[in-house]
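Residue strings, one per chain:
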Amino acid sequence: MKKNYVVRWSVYLIGLLLMALGITLTIKGNYLGIGPWDVLHVALFQLFGLTIGTWSILVGFLLILVVFVIERRIPLLGTWLNILLIGAFIDIYNWLLPDPESVVVQSIVFVLGVIVMGIGAGTYVAARVGAGPRDSIMMMLVAKTGAKVKTVRTSMEMGVVLLGWLLGGPVGVGTLLIAFGLGQLVHYTLPAVEKLIEKLSGEPFDVKVKAKPVIK
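Note on numbering: residues in each chain are counted from 1, in written sequence order. Two thresholds apply to this predicted model, a pLDDT of at least 70 for residue-level local features and 80 or more for giving and counting side-chain atom pairs, whereas whole-chain, interface and lining totals are computed over all residues. Only hydrogens and water are removed before side-chain values are computed, so all heavy atoms of the structure are retained for them.

**Regarding the overall build of the protein chain**
Stage number 1. Comment: elements are numbered from the N terminus, with helices defined as DSSP H or I runs of at least four residues and strands as E runs of at least two. Counting secondary structure elements, the protein chain contains eight helices and zero strands.
Stage number 2. The N-to-C order of helical and strand elements in the protein chain reads α-α-α-α-α-α-α-α.
Stage number 3. Note that the radius of gyration is over C-alpha atoms, with the globule rule given as 2.2 Å times the number of residues to the power 0.38. Relative to the 2.2 N^0.38 estimate, which gives 17 Å for 216 residues, the radius of gyration of the protein chain is 17 Å and therefore close to what a compact globule would have.
Stage number 4. When its C-alpha atoms are laid out on the principal axes, the protein chain stretches across 50 × 35 × 30 Å.
Stage number 5. Among the 216 residues that make up the protein chain, the fraction classed as buried is 46%. The buried label goes to any residue with under 20% of its type's maximum accessible area, the exposed label to any with over 50%, and the partly exposed label to all in between, with areas taken from a 1.4 Å probe on protein chains only.

**Observations concerning helix α4 (residues 77–96)**
Stage number 1. In a helix, the anticipated span is given by 1.5 Å times the number of residues less one. For α4, which comprises 20 residues, the first-to-last C-alpha distance of 28 Å matches the rise-based estimate of 28 Å (1.5 Å per residue) to within 8%.
Stage number 2. Among all positions in α4, only Gly78, Thr79, Asn82, Ile83, Ile86, Gly87, Ile90 and Tyr93 are buried. Down the axis of α4, the buried side of the element spans an arc of 155°, and every buried residue falls inside it. Facing away from the buried side of α4, by more than 90 degrees, are the exposed residues Trp95 and Leu96.
Stage number 3. Looking at the buried residues of α4, the elements they touch are α1 (2–28), α3 (52–71), α5 (103–126) and α6 (133–145). Directions pointing from the helix axis toward each C-beta atom define the arc. By definition in these notes, contact holds between two residues if any of their heavy atoms fall within 4.5 Å.

**Notes on the side chain of Thr26**
Stage number 1. On the secondary structure map, Thr26 appears in helix α1.
Stage number 2. With relative accessibility at 0%, the residue Thr26 sits in the buried group.
Stage number 3. A distance of 2.6 Å separates the side chain of Thr26 from the backbone oxygen of Ile23, its partner in a polar contact. A 3.5 Å cut-off defines polar contacts: any pair of N or O atoms within that distance qualifies, except that in protein one atom must be a possible hydrogen donor and the other a possible acceptor, and neighbouring residues in sequence count only when both atoms are side-chain atoms.

**Notes on the packing of α1 against helix α8 (residues 173–201)**
Stage number 1. Look at α1 against α8: their axes get within 11 Å of each other, and the N-to-C directions meet at 155°. Between α1 and α8, the angle is such that the two are roughly antiparallel. Considering only the axes of α1 and α8, their crossing is right-handed. Taken together, the residues of α8 that come into contact with α1 (itself represented by Lys3, Asn4, Val7, Arg8, Val11 and Thr26) are Ile178, Val193, Ile197, Leu200 and Ser201. Axis definition: a line fitted to C-alpha atoms, over the contacting stretch in the case of helices. Angles run 0 to 180 degrees between N-to-C directions. Note that the term roughly parallel is reserved for angles under 35 degrees, roughly antiparallel for angles over 145, roughly perpendicular for angles of 65 to 115, and oblique for everything else. In a left-handed crossing the near helix is turned counterclockwise from the far helix by less than a right angle, and in a right-handed crossing that turn is clockwise.

**As for the packing of aromatic side chains**
Stage number 1. Pairing of aromatic rings covers Phe, Tyr and Trp, the last through its six-membered ring, and needs centres within 6.5 Å; plane angles under 30 degrees mean stacked, over 60 mean edge-to-face, and all others mean tilted. Scanning the entire structure with this criterion turns up five aromatic pairs.
Stage number 2. With a centroid separation of 5.7 Å and an interplanar angle of 80°, the aromatic rings of Trp9 and Tyr12 are classed as edge-to-face. Of the two residues, Trp9 and Tyr12 are both situated in helix α1; the distance of three residues between them amounts to about one turn of the helix. One exposure class covers both Trp9 and Tyr12, and it is buried.
Stage number 3. Considering the side-chain rings of Phe48 and Trp55, the 6.0 Å spacing of their centres and the 50° angle between planes classify their relative orientation as tilted.
Stage number 4. Among the aromatic residues, those joined into a cluster by ring pairs are Trp9, Tyr12 and Tyr124.
Stage number 5. Geometry around Trp37 places Arg134 over its ring, the cationic atom sitting 5.0 Å from the centre. A positively charged side chain is recorded as over a ring if its NZ (Lys) or CZ (Arg) lies within 6 Å of the ring centre. The angle to the ring normal must also be within 35 degrees.

**Details of the nonpolar core**
Stage number 1. Within this scheme, the nonpolar core is defined by two criteria: the residues are buried Ala, Val, Leu, Ile, Met, Phe, Trp, Tyr or Cys, and they are joined through side-chain atoms within 4.5 Å. Membership of the largest hydrophobic core comes to 24 residues, with the highest contact counts inside it found for Tyr12, Met19, Ile23 and Ile86.
Stage number 2. Counting residues per element, the ones that place at least two in this core are α1, α2 (36–48), α4, α5 and α8.
Stage number 3. It is α1 that contributes the most residues to this core, seven residues altogether.
Stage number 4. Excluding residues that lie within four positions of it along the chain, Tyr12 makes contacts with Gly78, Thr79, Leu81, Asn82, Tyr124, Ala127, Val129 and Gly130.
Stage number 5. In terms of nonpolar packing, the next biggest core, distinct from the first, is built from 14 residues, Leu40, Leu44, Trp55 and Val142 among them.

**Here's the deal with the environment of Gly159**
Stage number 1. Relative to the helices and strands, Gly159 resides in helix α7 (residues 149–166).
Stage number 2. As for Gly159 and Pro36, which are separated by 123 residues in sequence, their C-alpha atoms are 8.7 Å apart.

**Description of the environment of Gly172**
Stage number 1. Checked against the element boundaries, Gly172 lands in the loop between α7 and α8.
Stage number 2. Counting along the chain gives 61 residues from Gly172 to Val111, while the straight-line C-alpha distance between them is 13 Å.

This is the structure:
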């Protein structure tokens, strides 16, 4: 069990780092647009300063607060790390990576970013040590409304895109590509990483990591 726990957390952290890298690459190659939530983060950055990563963290905390108020549920440690590490590493990668100048290079960087995001998302979700804040909101809405996951997720992301666009965030065909295509990538990467976790830990994948109790 201890080995399983170590493997899951290691995979989870790698997934977060990959997710942050993919997000940063799409922001660097923003000629085609950027991800739905990043449209909002960039718009807030342009309006109020701070950094894109900082706004990712602040929006994440706001979403977790909403879940806590409605469901009285303490998020898992992995959820907090998701918020903090992805936001922090977006800023680090954004500082380290150069800005592509030509449209062709930007387009290549964007596509690469989408692929890396798909790998990163499937990797950290497979570890099952805490959903991200946006996933937490999505699952809460699914439970409250009875709607399908894909319906809720698409509605959320389209709503966020509209808000970000109204605030001045960059929207393009790439935004729609991420909104509708990222889930397809995760569909393949998630089971692949689950099998990898089983192989590395030597235990069946149905071994659960304990969650913190719901507040009464």
